[in-house]
Amino acid sequence: MSYYVNRLYDFLKRLAANNNREWFAAHKAEYEELRALWLDDLDRMIAAMSAWCPEAASIPAKRAAYRIYRDTRFSPDKTPFKLYFSASVDPLGRGTEHAGYYLQMGVDGVNGLFGGLWCPPAPVLRKLRHAIVDNIEEWEEINANPELNRHFKIWCSSALKTIPKGWPKDHPQAHWLRMRDYGRDAEVGEDFFLDPAWPEKAAELFRLVKPFNDFLNYSIDEEL
(Lines give C-alpha, C1' and ligand atoms only; values in the text may rest on other atoms or scores of the structure.)
Protein backbone atom coordinates (compact mmCIF):
# COMPACT_ATOMS: atom_id res chain seq x y z
CA MET A 1 0.00 0.00 0.00
CA SER A 2 1.32 3.44 -0.90
CA TYR A 3 2.17 5.81 1.91
CA TYR A 4 -1.12 7.11 3.30
CA VAL A 5 -0.20 10.79 3.86
CA ASN A 6 -0.63 11.54 0.15
CA ARG A 7 -4.19 10.26 0.46
CA LEU A 8 -4.69 12.17 3.72
CA TYR A 9 -3.85 15.47 2.04
CA ASP A 10 -6.03 14.57 -0.95
CA PHE A 11 -8.92 13.83 1.41
CA LEU A 12 -8.49 17.17 3.18
CA LYS A 13 -8.40 19.03 -0.14
CA ARG A 14 -11.65 17.39 -1.20
CA LEU A 15 -13.12 18.17 2.22
CA ALA A 16 -12.14 21.83 1.76
CA ALA A 17 -14.24 21.89 -1.41
CA ASN A 18 -17.14 20.01 0.24
CA ASN A 19 -17.12 21.09 3.88
CA ASN A 20 -20.56 19.83 4.81
CA ARG A 21 -21.96 16.97 6.84
CA GLU A 22 -23.49 15.15 3.88
CA TRP A 23 -20.20 14.84 2.01
CA PHE A 24 -18.33 13.84 5.16
CA ALA A 25 -20.89 11.15 6.00
CA ALA A 26 -20.50 9.68 2.51
CA HIS A 27 -16.71 9.55 2.98
CA LYS A 28 -16.65 8.62 6.69
CA ALA A 29 -15.07 5.21 6.07
CA GLU A 30 -12.19 6.82 4.17
CA TYR A 31 -11.67 9.34 6.96
CA GLU A 32 -11.64 6.66 9.65
CA GLU A 33 -9.08 4.59 7.72
CA LEU A 34 -6.78 7.61 7.29
CA ARG A 35 -7.19 8.65 10.92
CA ALA A 36 -6.28 5.15 12.13
CA LEU A 37 -3.07 5.20 10.04
CA TRP A 38 -2.27 8.71 11.31
CA LEU A 39 -2.81 7.63 14.92
CA ASP A 40 -0.32 4.81 14.37
CA ASP A 41 2.26 7.38 13.23
CA LEU A 42 1.37 9.62 16.16
CA ASP A 43 2.04 6.72 18.52
CA ARG A 44 5.44 6.31 16.86
CA MET A 45 6.23 9.98 17.42
CA ILE A 46 5.20 9.81 21.08
CA ALA A 47 7.29 6.67 21.58
CA ALA A 48 10.31 8.48 20.12
CA MET A 49 9.63 11.50 22.34
CA SER A 50 9.54 9.30 25.43
CA ALA A 51 13.31 8.69 25.02
CA TRP A 52 13.89 12.25 26.29
CA CYS A 53 10.49 12.92 27.89
CA PRO A 54 9.54 9.80 29.88
CA GLU A 55 6.18 11.33 30.85
CA ALA A 56 5.09 11.17 27.21
CA ALA A 57 5.16 7.35 27.26
CA SER A 58 1.84 7.30 29.13
CA ILE A 59 0.02 9.39 26.49
CA PRO A 60 -1.75 7.31 23.80
CA ALA A 61 -2.25 8.87 20.40
CA LYS A 62 -6.03 8.72 20.77
CA ARG A 63 -5.79 10.98 23.82
CA ALA A 64 -3.32 13.37 22.20
CA ALA A 65 -5.28 13.77 18.96
CA TYR A 66 -7.94 16.43 18.51
CA ARG A 67 -11.26 15.79 16.81
CA ILE A 68 -11.83 16.97 13.26
CA TYR A 69 -15.17 18.52 14.21
CA ARG A 70 -15.12 22.30 14.65
CA ASP A 71 -16.79 24.11 17.54
CA THR A 72 -18.91 26.61 15.61
CA ARG A 73 -20.95 27.96 18.52
CA PHE A 74 -19.15 31.31 18.72
CA SER A 75 -17.65 31.48 15.23
CA PRO A 76 -19.01 33.26 12.17
CA ASP A 77 -17.54 30.40 10.13
CA LYS A 78 -20.10 27.61 10.37
CA THR A 79 -18.27 25.01 8.31
CA PRO A 80 -18.41 21.86 10.45
CA PHE A 81 -14.96 20.33 9.87
CA LYS A 82 -11.34 21.31 10.35
CA LEU A 83 -9.07 21.02 7.33
CA TYR A 84 -6.22 19.53 9.30
CA PHE A 85 -5.24 16.75 11.67
CA SER A 86 -3.76 17.93 14.95
CA ALA A 87 -2.53 16.64 18.28
CA SER A 88 -1.16 17.94 21.55
CA VAL A 89 1.38 16.02 23.61
CA ASP A 90 1.20 17.54 27.08
CA PRO A 91 3.47 15.64 29.50
CA LEU A 92 1.79 17.24 32.52
CA GLY A 93 -1.72 16.69 31.18
CA ARG A 94 -3.94 18.51 28.71
CA GLY A 95 -5.87 21.34 30.30
CA THR A 96 -3.43 21.75 33.20
CA GLU A 97 -2.18 25.17 32.00
CA HIS A 98 1.35 23.88 31.36
CA ALA A 99 3.57 24.05 28.30
CA GLY A 100 3.45 21.18 25.81
CA TYR A 101 4.04 20.12 22.21
CA TYR A 102 1.53 20.62 19.37
CA LEU A 103 1.49 19.27 15.83
CA GLN A 104 -0.73 20.26 12.91
CA MET A 105 -0.83 18.96 9.34
CA GLY A 106 -3.43 20.06 6.82
CA VAL A 107 -4.39 22.17 3.83
CA ASP A 108 -5.35 25.40 5.58
CA GLY A 109 -1.86 26.85 5.20
CA VAL A 110 -0.46 25.69 8.54
CA ASN A 111 1.73 22.61 8.72
CA GLY A 112 3.93 22.82 11.74
CA LEU A 113 5.34 21.87 15.09
CA PHE A 114 4.77 24.14 18.05
CA GLY A 115 5.93 24.26 21.66
CA GLY A 116 5.17 26.38 24.68
CA LEU A 117 2.11 27.73 26.41
CA TRP A 118 -0.77 29.40 24.60
CA CYS A 119 -2.97 32.03 26.22
CA PRO A 120 -2.41 31.22 29.92
CA PRO A 121 -4.77 32.71 32.52
CA ALA A 122 -3.72 35.99 34.07
CA PRO A 123 -2.27 34.54 37.32
CA VAL A 124 -0.07 32.10 35.38
CA LEU A 125 1.05 34.82 32.99
CA ARG A 126 1.99 37.10 35.89
CA LYS A 127 3.98 34.28 37.47
CA LEU A 128 5.85 33.61 34.22
CA ARG A 129 6.72 37.28 33.76
CA HIS A 130 8.29 37.37 37.20
CA ALA A 131 10.12 34.08 36.61
CA ILE A 132 11.60 35.36 33.34
CA VAL A 133 12.80 38.60 34.93
CA ASP A 134 14.15 36.84 38.03
CA ASN A 135 15.97 34.21 35.95
CA ILE A 136 16.71 36.25 32.84
CA GLU A 137 20.18 34.82 32.24
CA GLU A 138 18.86 31.25 32.21
CA TRP A 139 15.88 32.24 30.03
CA GLU A 140 18.01 34.10 27.50
CA GLU A 141 20.55 31.28 27.36
CA ILE A 142 17.73 28.85 26.48
CA ASN A 143 16.42 31.18 23.80
CA ALA A 144 19.89 31.84 22.36
CA ASN A 145 20.37 28.18 21.39
CA PRO A 146 21.33 28.41 17.68
CA GLU A 147 19.90 24.96 16.86
CA LEU A 148 16.57 25.87 18.46
CA ASN A 149 16.50 29.18 16.58
CA ARG A 150 17.40 27.49 13.30
CA HIS A 151 14.21 25.44 13.39
CA PHE A 152 11.81 27.32 15.69
CA LYS A 153 11.00 31.01 15.75
CA ILE A 154 9.69 32.74 18.87
CA TRP A 155 5.92 32.91 18.73
CA CYS A 156 3.15 34.64 20.67
CA SER A 157 -0.49 35.06 19.72
CA SER A 158 -0.48 38.72 20.70
CA ALA A 159 1.49 41.23 22.73
CA LEU A 160 0.49 44.23 24.81
CA LYS A 161 1.09 47.62 23.21
CA THR A 162 2.63 48.86 26.44
CA ILE A 163 4.40 47.16 29.32
CA PRO A 164 2.09 45.63 31.97
CA LYS A 165 1.14 47.66 35.00
CA GLY A 166 3.64 47.50 37.82
CA TRP A 167 6.71 47.39 35.59
CA PRO A 168 8.82 50.41 34.59
CA LYS A 169 8.25 51.45 30.98
CA ASP A 170 11.96 51.25 30.23
CA HIS A 171 12.40 47.78 31.72
CA PRO A 172 15.24 45.92 29.92
CA GLN A 173 13.01 42.83 29.44
CA ALA A 174 10.05 44.83 28.13
CA HIS A 175 9.73 42.68 24.98
CA TRP A 176 9.26 39.53 27.09
CA LEU A 177 6.92 41.24 29.56
CA ARG A 178 4.58 42.44 26.81
CA MET A 179 3.93 38.91 25.53
CA ARG A 180 0.61 37.29 26.40
CA ASP A 181 1.93 33.79 25.82
CA TYR A 182 5.25 32.09 25.14
CA GLY A 183 5.75 29.73 22.24
CA ARG A 184 8.07 28.30 19.63
CA ASP A 185 6.90 27.69 16.07
CA ALA A 186 8.46 25.56 13.31
CA GLU A 187 6.35 25.86 10.17
CA VAL A 188 7.05 23.04 7.73
CA GLY A 189 5.70 22.15 4.31
CA GLU A 190 3.65 19.15 3.29
CA ASP A 191 6.90 17.47 2.23
CA PHE A 192 7.86 17.12 5.89
CA PHE A 193 4.89 14.86 6.56
CA LEU A 194 5.14 13.06 3.22
CA ASP A 195 8.38 11.55 4.52
CA PRO A 196 7.47 8.20 6.14
CA ALA A 197 10.02 8.98 8.87
CA TRP A 198 8.21 12.16 9.96
CA PRO A 199 7.26 10.81 13.44
CA GLU A 200 10.90 10.34 14.41
CA LYS A 201 11.94 13.62 12.73
CA ALA A 202 9.22 15.51 14.61
CA ALA A 203 10.28 13.95 17.92
CA GLU A 204 13.87 15.06 17.37
CA LEU A 205 12.77 18.61 16.56
CA PHE A 206 10.52 18.72 19.62
CA ARG A 207 13.55 17.72 21.72
CA LEU A 208 15.01 21.18 20.96
CA VAL A 209 11.98 22.80 22.63
CA LYS A 210 12.24 20.80 25.86
CA PRO A 211 14.44 23.29 27.80
CA PHE A 212 12.04 26.10 26.77
CA ASN A 213 9.02 24.11 28.00
CA ASP A 214 10.82 22.93 31.13
CA PHE A 215 11.57 26.53 32.15
CA LEU A 216 7.92 27.51 31.73
CA ASN A 217 6.63 24.46 33.59
CA TYR A 218 8.89 24.59 36.61
CA SER A 219 8.23 28.33 36.83
CA ILE A 220 4.49 27.64 36.89
CA ASP A 221 4.88 24.93 39.54
CA GLU A 222 7.35 26.84 41.71
CA GLU A 223 5.98 27.87 45.09
CA LEU A 224 5.76 31.60 45.66
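Above this text you will find the structure in question.
As a starting point, this report considers the structure included with it. The residue numbers shown here count from 1 along each chain, following its written sequence. Given that the model is predicted, a residue must reach a pLDDT of at least 70 before its local features are reported, and side-chain atom pairs must reach 80 or more before they are shown or counted; all residues, however, enter totals for whole chains, interfaces and linings. Computation of side-chain values covers all heavy atoms of the structure but excludes hydrogens and water.

### A word on the environment of Lys 201
Here comes step 1: Tracing the chain through its elements places Lys 201 in helix H10 (residues 198-221).
Here comes step 2: Separated by 137 residues in the primary sequence, Lys 201 and Ala 64 place their C-alpha atoms 18 Å from one another. Under the DSSP-based scheme used, a helix requires at least four consecutive residues in state H or I and a strand at least two consecutive residues in state E, with every element numbered from the N terminus.

### Focus: the pairing of strand S2 (residues 100-106)
The two faces of the sheet receive side chains in turn, since in a regular strand these alternate between them.
Here comes step 1: Relative accessibility under 20% of the residue-type maximum defines a buried residue, over 50% an exposed one, and the middle range a partly exposed one, all with a 1.4 Å probe and only protein chains included. The buried count for S2 comes to six of seven residues, which makes it a mostly enclosed element.
Here comes step 2: Pairs of strands are assigned from DSSP output, requiring at least two bridges between the strands. In this sheet, strand S3 (residues 112-117) lies alongside S2 in antiparallel orientation, the contact comprising five bridges. In the strand pairing of S3, Gln 104 is matched with Gly 112.
Here comes step 3: Turn length for the S2-S3 hairpin, with the two strands adjacent in sequence and antiparallel, is five residues, and the turn residue Gly 109 shows positive phi of about 95 degrees.

### Remarks on the packing of helix H3 (residues 28-49) against H10
Here comes step 1: Viewed as axis vectors pointing N to C, H3 and H10 meet at an angle of 40 degrees, and their least axial separation amounts to 8 Å. In terms of orientation, H3 and H10 fall into the oblique class. Crossing handedness for the pair H3 and H10: right-handed. Residues Trp 38, Asp 41, Arg 44, Met 45, Ala 48 and Met 49 of H3 touch H10, and the partners they reach there are Trp 198, Pro 199, Glu 200, Ala 202, Ala 203 and Phe 206.
Here comes step 2: Amino acid classes used here: Ala, Val, Leu, Ile, Met, Phe, Trp, Tyr, Cys and Pro are nonpolar; Asp, Glu, Lys and Arg are charged; the rest, including Gly, are polar. The class makeup of the residues in the contact of H3 with H10 is nine nonpolar, no polar and three charged. All axes are obtained by fitting lines to C-alpha atoms, using only the stretch in contact for helices, and the reported angles, taken between N-to-C directions, cover 0 to 180 degrees. Roughly parallel means an angle under 35 degrees; roughly antiparallel, over 145; roughly perpendicular, 65 to 115; everything else is oblique. In this scheme the crossing of two helices becomes right-handed for a clockwise turn of the near helix relative to the far one and left-handed for an anticlockwise turn of less than a right angle. Working rule for contacts: check all heavy atoms of both residues, and any pair within 4.5 Å makes them a contact.

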